[in-house]
Amino acid sequence: MKKTSTVGKSNRLVLVLLILGLSTIIFPLYMTIVIAFKQPSEMTNSINGILSLPKTWSLANFKEAMRVTDFWNSLRNSLLISVLTVVLSILLHSVMGYTLGRNKSNKFYNFVYLFIVSGMFVPFAILMMPLAKQTAEMGLANWFGVILLYVVFYMPMNIMLYSGYLVNIPLALEEAARVDGASTWRTYWEIIFPIMKPMHATVAVITALAVWNDVMTPLVIMAGSSQNTLPLAQLNFQSQFGTNYNLAFASYLLSLIPILIFYLICQKQILNGVVNGAVK
Amino acid sequence: MKHENERKRTFLLITIPILALFICFNTIPLIRGAMYSFTNSRGFGSHDVVGLRNYIDLFLDARVGKSYLFTIKLALVTTVVVNVISLILALGLNSKIRAKGFFRGAYFLPNILGSLVVGYIFNYFFTYIIPALADMTGITSLGSSILSNPNKAWIGVMIVCAWQAIAMNTIIYISGLQTVPEDVYEAGGLDGATGWKQFRYLTFPLIIPFFSINMVLCVKNFLMVFDQIIALTKGGPAQSTESISYLIYNNGMSGGQFGFQSANAVVFFIVIVVISVAQMKFSSSKEEQL
Amino acid sequence: MKGKRFKCLGLTLCCVAAAPVMWGCGNSSDGKTEIEIVQYKPEAANYFKMVEEEFNSTHDNIHLTISSPNDAMTILKTRFIREDYPDIIGIGGDINYSYFVDADILTDVSGYEGMKEINEGYLEIAEALELVPVDGTYIIPYVANAAGVLYNREMFEEHGWEIPETWDEMLSLCGEIQAEGILPFYFGFKDTWTCLAPWNAMVVELAPADTTKQVNKGQTTFTEQYRELADKYLQLLPYGPDDPFAYGYNDACTAFARGESAMYAIGSYATPQILSVNPDLKIDSFVMPACDDKDGRTLNSGIDLGFCVSAACENKEAAWEVLDFLYADENLQKYIDAQNAVPCKKGEFTLSPMLDGMSEFIKNGNMTDYQDHYYPSEMSVDALLQTLLLEKDTDGFLATFDTNWQRYNRDIIRMVQDYEASHGSAN
């Protein structure tokens with residue numbers, strides 16, 4: 001933790017660069033907010049028109065957007081699907097990632113690893129029709145089926161992340177527990193699972209984000225049911241012949257808040273990772 | 001010995017149900033989907049089996065060939081750009097600076113904005129703002145929208161893909177940097193390793209697993225690019241930005257070429273698997289060297 | 001420690017297992033016949049919501065559900081593959097309808113009473129959409145849209161510009177407008193589909209209505225039929241903005257609404273978007289004059305929405321009752337008012353003033369279907385047109401059009417030729 005003066009200087013440089021980079025984010029965000037508050041009649045094709053502040057800061061667009069998307073119901077559905085998917089992913093994918101990561105020298109497990117990871121590259125379009133049929137046959141053409149599918153879809157990526165993380169966790173930790181007579185299952189949940197906390201947070205963020213924004217899976221699987229997720233409800237704002245950008249932007253800003261909060265919480269976990277201490 | 005058996009049994013008991021779930025919802029539908037590639041199906045109604053016709057057509061179809069070239073070019077360039085920037089960003093966000101939490105939150109934002117918003121904003125940016133800036137500064141080559149130029153539109157797509165993807169790759173790099181123990185730096189510091197040297201010889205070797213994960217994820221995400229195409233160009237101008245996924249979805253699902261595009265999807269799947277396995281093999285050999 | 005972990009795990013699994021119960025499904029079918037409509041125009045969702053409510057409050061024996069999903073075609077296709085068919089399907093008269101008929105998904109509705117009141121012109125259009133002639137009728141046209149040229153009425157009155165009736169008049173009008181420092185046309189060619197709008201409006205006057213069918217029979221080629229059209233389309237380009245490929249549909253609507261151009265060659269469907277930006281704009285329309293003879297003009301109009309009954313619908317009587325309600329004059333009029341549409345039913349309806357310039361054609365039944373309703377969407381004719389407009393290579397465009405047509409329609413062409421062989425070439 002000792003700091004020399006050179007580190008201080010380079011940190012200031014880093015800060016300046018980060019602030020510069022930030023402009024590429026602040027600017028689009030500013031546009032989004034301004035448009036979300038404007039009325040369609042304030043939209044123009046000139047730069048001044050788009051960058052100017054709205055005439056009034058009325059929340060009318062947000063209210064209307066919430067009405068059109070049936071916000072609270074859609075939010076509840078989206079939250080339920082996202083939370084359950086994330087929890088199941090962390091539990092199932094981590095233990096599977098551990099199993100495959102610790103057995104890379106075994107031909108069978110190595111094959112299973114490559115087999116599952118290659119599942120990541122299946123274009124969704126080819127799965128769509130068969131899955132629509134299969135989930136209907138199995139009585140899973142509902143949100144529960146959607147969760148199951150997500151758990152399968154994000155399995156390859158998450159397993160890859162978990163087994164990548166394992167490389168830096170020394171085997172010695174488990175061996176010590178084994179000497180004490182703990183079973184492999186117990187060793188995993190009591191020692192390895194907690195150590196992987198930063199990775200859980202990373203997996204949670206990436207999975208939640210992918211699920212939160214996904215349109216196609218619920219569209220195809222839940223087609224015909226009256227349940228909507230937020231992205232599905234947001235489709236209402238755009239059609240080929242007319243898009244209400246003001247309402248849409250208001251709605252997207254609203255749906256951005258929960259996931260941003262979730263990210264900030266997880267980000268703390270990624271940082272407070274216990275691995276440094278454990279490895280030492 | 002008892003322990004070894006117990007360990008083996010536990011691993012097997014974990015693997016089998018999860019693998020079964022995976023096969024049920026990924027492998028079986030994939031095989032079912034691949035069956036359509038031997039038909040002239042439109043996705044519904046009756047269809048005829050046409051044998052390998054779709055596969056033969058695939059190699060003769062100029063549009064499909066063009067989409068492979070475009071997609072591969074886009075994926076390569078974007079992967080390099082994204083990894084360089086997000087690695088720098090991750091190092092920056094991991095260093096001891098002020099308002100770290102704020103920066104991390106802000107840099108995450110591009111990833112959450114819906115593609116309708118991203119599409120609108122960047123269209124506006126390329127159509128109105130850049131040309132206006134170019135006018136002011138007198139750079140005539142940027143005087144018209146790059147999205148309307150068949151030779152340059154891919155750059156626009158690349159910028160937006162990178163802008164959105166950097167957040168996720170940065171998170172992965174940050175979580176990788178957490179696995180680098182502090183004492184490595186301390187030891188390195190004593191040897192006089194700072195700056196670039198510290199990164200090259202101390203930090204980077206330790207985060208290679210994350211580097212290879214990011215490479216694979218990038219190549220996969222950008223080879224399968226779809227949302228950004230829909231949001232930005234819808235394949236235009238003059239069909240110059242039709243990605244493979246765009247063709248598969250647009251012509252297969254929305255259009256009536258379901259059987260043919262299924263064949264395209266099968267071939268595409270094999271191509272990506274080969275690329276990625278090669279990539280993983282390469283980086284795991286790197287890992288072993290270090 | 002151990003206990004805590006397992007509790008966590010157990011709790012989660014319980015949640016997962018219990019969630020379906022909590023959710024429940026509110027399917028209360030108290031002896032009523034359930035009729036479900038899926039219609040593909042999300043922009044008319046409010047109208048259909050109202051229809052649904054009114055119908056249910058006035059009918060005790062039938063319960064009607066109407067959904068107006070976005071991306072309805074994907075939803076319909078995935079439901080078809082699950083063999084889960086809505087009773088009534090609301091779609092447009094385009095190639096998807098042709099495919100649905102060919103896939104035997106729909107039922108013959110020629111026995112429906114209300115059919116007699118439908119404008120024959122639109123029934124013929126529907127008939128022509130069948131890939132090969134089949135017995136019976138499978139769609140009841142509801143409303144049509146029309147494509148031509150929208151113009152800024154106040155601007156035209158102020159400058160005393162006349163509505164053109166021939167191609168030469170069209171070009172000289174454009175020249176006149178340009179001379180006054182005003183942009184004649186706005187184009188939004190960045191959205192490729194908008195490239196089809198002027199094309200469709202012109203093709204009805206310059207090529208036979210059944211061009212695609214003739215090509216399928218091997219009687220003509222597109223190179224022969226479309227050359228004049230392609231050349232004339234290119235002549236319009238100089239009267240648009242400098243880089244029309246930079247602007248999308250939305251930009252063009254906004255620009256036209258803000259008075260940045262005098263005309264906009266697009267269909268009547270664009271008016272709600274234009275008016276949302278400038279509610280005070282006075283818009284009128286005229287038929288695109290593409291030929292040299294003013295009597296050769298015809299209005300480009302096709303079935304925008306029609307209703308089909310699925311073959312799987314169990315209770316046809318209930319379906320007829322729902323259709324009776326939908327096609328009742330006062331309900332149809334409400335749709336027309338909300339969407340600036342043209343009715344497909346005979347009788348007196350009040351049309352939007354934006355269609356004033358086209359009303360004569362509508363009254364006389366001088367209408368021709370959109371040629372793009374016959375183009376398979378995967379061929380991306382819109383993108384080919386965008387390429388033509390960018391590269392201005394007519395020969396290349398026509399050659400590509402012909403080869404691509406053969407490539408993308410191979411199965412249909414074979415089907416048509418088989419049909420011809422077995423039925424003789426009786427047109």
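Residues numbered from 1 in each chain as written. Chains lettered and ligands numbered in written order. Predicted model: local features only at pLDDT ≥ 70, side-chain atom pairs only at ≥ 80, totals over all residues.

Visitor: Help me understand the overall build of chain C in this model?
Guide: Each helix and strand counted, chain C has 18 helices and eleven strands in total. If one aligns the C-alpha atoms of chain C with their principal axes, the spans along those axes are about 80 × 60 × 55 Å. Residues counted as buried form 48% of the 427 residues belonging to chain C. A separation threshold of at least 6 residues defines the contact pool for chain C, and within that pool the share at least 24 residues apart is 80%. (Helix = DSSP H or I, 4+ residues; strand = E, 2+ residues; numbered from the N terminus. Buried ≥ 20, exposed ≤ 12 C-beta atoms within 10 Å, placed from the backbone. Contact = placed C-beta atoms within 7 Å.)

Visitor: How should the overall build of chain A be read in this particular structure?
Guide: Helix and strand counts for chain A stand at 15 helices and two strands. In terms of principal-axis extent, the alpha carbons of chain A reach across some 75 × 65 × 30 Å. Expressed as a percentage of its 280 residues, the buried residues of chain A come to 51%. Within chain A, residue pairs in contact and separated by at least 24 positions form 80% of the contacts whose partners lie at least 6 positions apart.

Visitor: Can you walk me through unusual backbone geometry in this structure?
Guide: All names here are of chain B. Phi at Lys234 takes a positive value of approximately 50°, unusual for a residue other than glycine. Within the fold, Lys234 resides in the loop between α10 (227-232) and α11 (244-254). On the basis of neighbour count, Lys234 is assigned to the buried category, with 21 C-beta atoms found within 10 Å. Phi is positive for Ala238, close to 50°, though the residue is something other than glycine. Inspection of the secondary structure assignment puts Ala238 in the loop between α10 and α11.

Visitor: I keep staring at helix α10 (residues 222-236) of chain C and nothing clicks. Help me out?
Guide: An α-helix turns once per 3.6 residues; consequently, residues spaced three or four apart project the same way. Residue and element names in this part refer to chain C. Here α10 is 15 residues long and its end C-alpha atoms lie 21 Å apart, about the 21 Å a rise of 1.5 Å per residue gives. At Glu228, α10 is bent by approximately 30°, the largest bend along its length. Residues of α10 that are buried include every one of Phe222, Gln225, Tyr226, Leu229, Ala230 and Tyr233, and no others. Check the buried side of α10 and you find it contacts α8 (196-206), α9 (211-216), α16 (381-391) and α17 (394-408). (Expected span 1.5 Å × (residues − 1). Bend = angle between axes of the 7 residues up to and from the residue.)

Visitor: Looking at this structure, how should I read the packing of helix α4 (residues 71-102) of chain A against helix α7 (residues 143-153) of chain A?
Guide: Axes are the key here: two packed helices are described by the angle between their axes and the distance separating the axes. Residue and element names in this part refer to chain A. Between α4 and α7, the least distance of the axes is 9 Å, while the angle of their chain directions is 35°. As for how α4 packs across α7, the hand of that crossing is right-handed. Within the contact between the two elements, α4 uses Asn77, Ile81, Leu84, Thr85, Leu88, Ser89 and Leu92 and α7 uses Trp143, Val146, Ile147, Tyr150 and Val151. (Axes fitted to C-alpha atoms, helices over the stretch in contact; angles between N-to-C directions. Left-handed = near helix turned anticlockwise from the far one by under 90°.)

Visitor: Quick question: what am I supposed to make of the domain arrangement of chain A here?
Guide: Size of an interface, as often reported, equals the accessible area lost when the parts are brought together. Residue and element names in this part refer to chain A. The domain architecture assigned to chain A consists of domain 1 (1-58) and domain 2 (59-279). Each of domain 1 and domain 2 has a C-alpha centre, and the two are 29 Å apart. Across the boundary between the two partners, domain 1 contributes nine residues, which contact nine residues of domain 2. Here the residues of the side of domain 1 that touches domain 2 are counted per class, giving five nonpolar, three polar and one charged. (Domains from an automatic or database assignment. Nonpolar A, V, L, I, M, F, W, Y, C, P; charged D, E, K, R; others polar.)

Visitor: Can you walk me through the interface of chain A and chain B in this structure?
Guide: Taken together, the contact between chain A and chain B spans 78 residues of the former and 74 residues of the latter. The element that contributes the greatest number of residues to the side of chain A that touches chain B is helix α1 (residues 5-37) of chain A, accounting for 13 residues. Tallied by class, residues from the side of chain A that touches chain B come to 55 nonpolar, 21 polar and two charged.

Visitor: How should the environment of C:Asn119 be read in this particular structure?
Guide: All names here are of chain C. Here Asn119 lies in the loop between α4 (95-102) and α5 (120-128). Separated by 15 residues in the primary sequence, Asn119 and Asp104 have C-alpha atoms spaced 25 Å apart. Beyond its immediate sequence surroundings of up to four residues, Asn119 is in contact with Cys344, Lys345 and Lys346.

Visitor: Honestly, the interface of chain A and chain C in this entry has me stumped. Any pointers?
Guide: On the side of chain C, 32 residues touch chain A, which itself brings 26 residues to the contact. Put simply, the parts of the chain that give the side of chain A that touches chain C at least two residues each are α4, α6 (124-137), α10 (184-195), α12 (216-221) and β2 (242-243) of chain A. A total of four residues in the side of chain A that touches chain C trace back to one element, the largest contributor, which is α6(A). Its residues placed into classes, the side of chain A that touches chain C shows 15 nonpolar, eight polar and three charged.

Visitor: Can you help me understand the environment of C:Asp104 in this one?
Guide: Relative to the elements of secondary structure, C:Asp104 occurs in the loop between α4 and α5. For C:Asp104, a count of 12 C-beta atoms within 10 Å translates into the label exposed. Linking C:Asp104 and C:Glu154, residues 50 residues apart in sequence, is a C-alpha distance of 50 Å. With sequence-adjacent residues up to four places away left out, C:Asp104 is seen in contact with B:Gly45 and C:Ala311.

Visitor: Please clarify how the sheet that holds strand β7 (residues 261-264) of chain C should be interpreted in this entry.
Guide: What holds strands together in a sheet is hydrogen bonding between their backbones, with the strands either parallel or antiparallel. All names here are of chain C. Read across the sheet, four strands follow the order β6-β7-β5-β8 without closing on themselves; strand pairing throughout is mixed. Looking at the sheet topology across the chains shown, the edges are occupied by β6 (183-185) and β8 (283-286). The mean inter-strand angle of the sheet, taken between neighbouring strand axes irrespective of direction, is 25°. As defined by bridge partners, β6 adjoins β7 across two bridges and the pair is classed as parallel. If you follow Leu183 over to β7, its bridge partner there is Ser261. (Pairing = 2+ DSSP bridges.)

Visitor: What am I meant to see in the domain arrangement of chain C here?
Guide: Residue and element names in this part refer to chain C. Looking at the assigned domains, one finds that chain C contains domain 1 (33-146 + 301-355) and domain 2 (147-300 + 371-423). Computed from C-alpha coordinates alone, the two centres of domain 1 and domain 2 are separated by 27 Å. On the domain 2 side, the residues contacting the 14 residues of domain 1 number 21 residues. Of all elements in the fold, only β4 (140-147) and β9 (299-309) reach the threshold of two or more residues within the side of domain 1 that touches domain 2.

Visitor: Can you walk me through the confidence of the model for chain C in this structure?
Guide: All names here are of chain C. Within chain C, residue pLDDT values average 87, and 92% of them lie at 70 or more. Contacts from residues 1-28, a stretch scored under 50 in pLDDT, to residues over four places away or in other chains number eleven contacts. Interface scoring of the predicted complex returns ipTM 0.86; its pTM is 0.87. (pLDDT = per-residue confidence, 0-100.)

Visitor: Explain the pairing of strand β2 (residues 62-67) of chain C here, please?
Guide: Taken residue by residue, a regular strand's side chains alternate between the two faces of the sheet. Residue and element names in this part refer to chain C. Here six bridges tie strand β1 (residues 33-39) to β2, and the two strands are oriented parallel to one another. Within β2, the position partnered with Thr33 by the bridge is Ile62. Between β1 and its parallel partner β2, the chain crosses via helix α2 (residues 45-58), and the hand of that crossover is right-handed. (Right-handed = clockwise from strand over helix to strand, strands pointing away.)

Visitor: Would you mind going over the pairing of strand β3 (residues 88-91) of chain C with me for this structure?
Guide: Residues and elements named next belong to chain C. Here β3 shows two buried faces, one formed by Ile88 and Gly90 and the other by Ile89 and Ile91. Direction of pairing for β1 relative to β3: parallel, over a ladder of three bridges. Bridge pairing in β3 links Ile37 to Ile88. Summarising the sheet, β3 and β9 pair through four bridges and their orientation is antiparallel. Bridged to Gly90 within β9 is Phe307.

Visitor: Could you clarify how one ought to interpret α5(C) in this entry?
Guide: Residues and elements named next belong to chain C. Buried residues of α5: Tyr122, Ile125 and Ala126, and no others. Around the axis of α5, the buried residues are gathered within 100° of arc, so they sit on the same side. The inward-facing, buried residues of α5 contact β4 and β9. (Arc of directions from axis to C-beta.)

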